[in-house]
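# Structure at a glance
Chain residues, written in single-letter form:
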Amino acid sequence: MTARRRFLALASTVVLGTALAACGSSSDSGGKKATLDVLVSANTIYPDQQRQWFADVSTKFEKQTGSKVTFETFASANDELTKIQTSALSGQGPDIYSLGTTFTPTAYATGAFEVLTPDDWTKIGGKDRFLPATLGISGPDDSHQVGIPFASRPFVMAYNKDLLAAAGIDKPADSWDGLLDQAKKLTKGDVHGLAIAYGDGFDPWKFIWAMSIQAGNPLIVDGKAQLDQPTVKTAYETYLGWLATDKVVDPAATGWKNAQAIAAFGAGKAAFLPMVSATSKVTLDKSAVAGKYAYAIMPTIPPGATATAANGVPATSILSGDNLVVAKYSKNKDLAFQLINMLTSADSQDLYYKTFGELPTNATEAAKLQSDPALAAIVDSAGKSHNTPFNGAWSQVQLALVNVVVQSVPNLSKGTVDDAALRQLLAKAQSDAQAALDKSQ
Amino acid sequence: MTIRQTSPAAIGAPGAEDAGRPVPHGGAGQPVHGRRDRRPRRGRPFWMLAPGGVLTLLVVVIPFLVAVYISFLDLDQYTFRRWVHAPFTGIDNYVDAWRHSDLLHAVWVSGSAAVIATVVALPVGMAAALTTHNRFPGRAAVRSIYLIPYVLPAFVVGTVWRIILAPDGVANNLLHRLGLDTSGANGLWLNGPRSYWALIAVQIWASWPLIYLLVLAGLQSIDHSLHEAAALDGAGWWTKLRSIVVPHLRGPVALGLLITVLHIFNSFTLPFVLFGVPSPHDVEVLPVLTYVESFQNFRFGLSAAMAVVSLLLILIPLLVYLRAVRLDVGEDDR
């Protein structure tokens, strides 16, 4: 028995010792040379290049400051939100987060991120370093900014040059009505005028937002939702009508995600592919239309009009891309600003653009790209992008807008845009959006 | 030769026939049946349950209590950072879920789909088990093939069926070749009224192997001597099926039905991948609704209230089952 007891004592000492050692090693990370933790979106198009970029950034930063950078990735905005929740609650986690532009208002509403002081901006290299348009969704106003523009991904429209030339069309129209006329001309057999992803979780609201703001309705005015306005209804009728009544979209598009719309265009089955970013280039350059397509900005004249409304905005795209934010709980804020300074410098942005095809937010670097004809439309759209409303409830408004399209799909197959059903769905979207906005006050 | 009569329901109860179970104060090793032993049970090493108890407390009880507490808070993207200080709103979230959300509709969709899919999956699973019960060349291969839907992750099942059921997918091609109309709404399986049946069909496809597994295990556990004895008594296949096989399968089948219903009722990944969010109204199931309220609408309090309601609903069939197989009472109380 004594031997057994001794063995037990020894065993428990070993177990306890190991556990304590484990605790000790984890707390060592807060030593002299801090390590910065950065959370960014996983790049599914260039995974290998992204890993290499992580390593290069860390090496370069270590040379400059003696501190390393570790990168974590997330797959979706929901993953990221969960990470923000757990980190903000526990007071530890990534020092820097990369946020999609339209998610920035929600993240701002959590109050978990550092509002940048003039001093902070100086540490990053000054506001003047950035293209003015890219700062449009950094915060609710100039003195409450959390987001530092890092990458720009404006939306444009791809078109099939051969199909347009064959139909005698010299360039894509600048109005949505004009685009529809062209699409009708181009719809023949199994080739359709437009490739639209009605089944996508995000694409639909971007169309509705664009057509509405061009008609003078930014969807939220002074905390009031404007989804029940005629401009929004017209936008839905136009967008849904392309498939239901105008028949310029493949009927199968009711189930398409964005990638399937790109695939249909890539197979030469559609003349126009609106609402894509420069990242579609990777797929299209390997497709049947490689060398036969070009990008153009999307129409800026709203449906049923011949010019942008007097109070409208000729927006070609939502302000799209990534912002960097610094967590309030971070113990390495100065170091974080140093890293952001490095990442938004002209040479870093040049490398990032060359590696991933995402446009720079650095003004000097962006000016250089303007002379490249292949990028003309995309750079043009970057300058004509407009921010979506900066409101903590924007994600909910977005969801309400997409929901109208999802619930309309069964009716589209019947060949009509059911007016009564659309009114009902818009009324529900309005009340859902308003309820969310009321909570944000 | 004696045929030991075991309660058929007890077959589904793990450990029901545990020969090594302690026999308390029964004397002479005779199990005590039919009367309650109310004497204090001193000296039992209950402390050995402590690790399991602590784990249950940490993993189940505390998170559950936190969820219940959250369901009484107005917790959203504006308050979650200091969630303990979020406004306490009493039962407002439950009222909101009841009156202003699609909760009832979602409960109906989830519940009815789960019951229909399970009822259809039952004969499919049983038939599959009967076909592979007896030895034949290649039985191992057939058994492995039967398990494919069961071992595939729900994400893969959802993605594959999404492609199959797309308007220009394989399913519509096949139906078209069979001379059926697949144009317009007739070929729309991932939205609209038909999506409900698509959900059920895919759930059946993914669920029947579990019933198959349990039934097969039940069939295999029937003592061969029972069949022999029945054969000696001159029983035909029908009598054997009715008097030996069916009573013995009642336990595994009941367990299979319960697990399948609960699994489908709780299924999130499959409908999420198959139909996406926002869900089409006809397939707005409870888990996806709860998810959307949490992670797209950021109404964590409302979502927690929905989760609590969901748990209470799940408890109903679970308690019925526990009563049926008497797993909720001690071995000695049976």
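Residues numbered from 1 in each chain as written. Chains lettered and ligands numbered in written order. Predicted model: local features only at pLDDT ≥ 70, side-chain atom pairs only at ≥ 80, totals over all residues. Heavy atoms only, no water.

### A closer look at the pairing of strand β4 (residues 148-152) of chain A
All names here are of chain A. Put simply, the rule is: Exposure classes here rest on a 1.4 Å probe applied to the protein chains alone. A residue is buried below 20% of its type maximum, exposed above 50%, and partly exposed in between. The way it works is that DSSP assigns letters per residue, a run of H or I at least four long becomes a helix, a run of E at least two long becomes a strand, and they are numbered from the N terminus. Two strands are said to pair when DSSP picks up at least two bridges between them.
By the criterion of burial, β4 is predominantly enclosed, with 5 of the 5 residues buried. Pairing between β4 and strand β13 (residues 359-360): 2 bridges, direction antiparallel. Paired with A151 across the strands is P360, a residue of β13.

### Quick look at the packing of aromatic side chains
Residues and elements named next belong to chain A. Quick note on the threshold: Each Phe, Tyr or Trp ring, with Trp reduced to its six-membered ring, pairs with another whose centre is within 6.5 Å; inter-plane angles below 30 degrees give stacked pairs, above 60 give edge-to-face pairs, and intermediate values give tilted ones.
Enumeration according to the criterion identifies 34 aromatic pairs over all chains in this entry. Taken together, a centroid distance of 5.3 Å and an interplanar angle of 75° make the contact between Y97 and F113 edge-to-face. Taken as a pair, Y97 in strand β3 (residues 96-100) and F113 in the loop between α4 (104-110) and α5 (118-124) lie far apart in primary sequence, 16 residues in all. For F113, a relative accessible area of 3% gives the class buried.

### Overview of the sheet that holds strand β6 (residues 192-194) of chain A
Adjacent strands of a sheet pair through backbone hydrogen bonds, lying either parallel or antiparallel. All names here are of chain A. Defined as follows: Axis angles are defined between N-to-C directions and span 0 to 180 degrees, where every axis is a line fitted to C-alpha atoms and, for a helix, only to the segment in contact.
Read from one edge to the other, the open sheet built from 4 strands follows the order β6-β9-β5-β10, with strand pairing classed as mixed. The outermost strands of the open sheet, each flanked by one partner alone, are β6 and β10 (293-296). Neighbour to neighbour, the strand axes of the sheet diverge by 20° on average, direction disregarded. Across 3 bridges, strand β5 (residues 156-160) lies against strand β9 (residues 270-276) in antiparallel orientation. Bridge pairing links V156 to V276 in β9.

### A closer look at the packing of helix α6 (residues 154-165) of chain B against helix α8 (residues 194-221) of chain B
Residue and element names in this part refer to chain B. The line we're drawing: Angles are sorted into four bins: roughly parallel if under 35 degrees, roughly antiparallel if over 145, roughly perpendicular if 65 to 115, and oblique for all others. Helix crossings fall into two classes, left-handed where the near helix is turned counterclockwise from the far one by less than a right angle and right-handed where it is turned clockwise. What makes two residues a contact is simply this: any of their non-hydrogen atoms within 4.5 Å. Residue polarity follows a fixed list, in which Ala, Val, Leu, Ile, Met, Phe, Trp, Tyr, Cys and Pro are nonpolar, Asp, Glu, Lys and Arg are charged, and the others, Gly among them, are polar.
Packing of α6 against α8 brings their axes to within 11 Å, and their N-to-C directions diverge by 135°. Between α6 and α8, the interaxial angle falls into the category oblique. Judged by the sense of rotation from one axis to the other, the crossing of α6 with α8 is right-handed. Across the interface between the two elements, V157, W161 and L165 from α6 touch A198, V202, W205 and A206 from α8. Counted by class, the contact of α6 with α8 contains 7 nonpolar, no polar and no charged residues.

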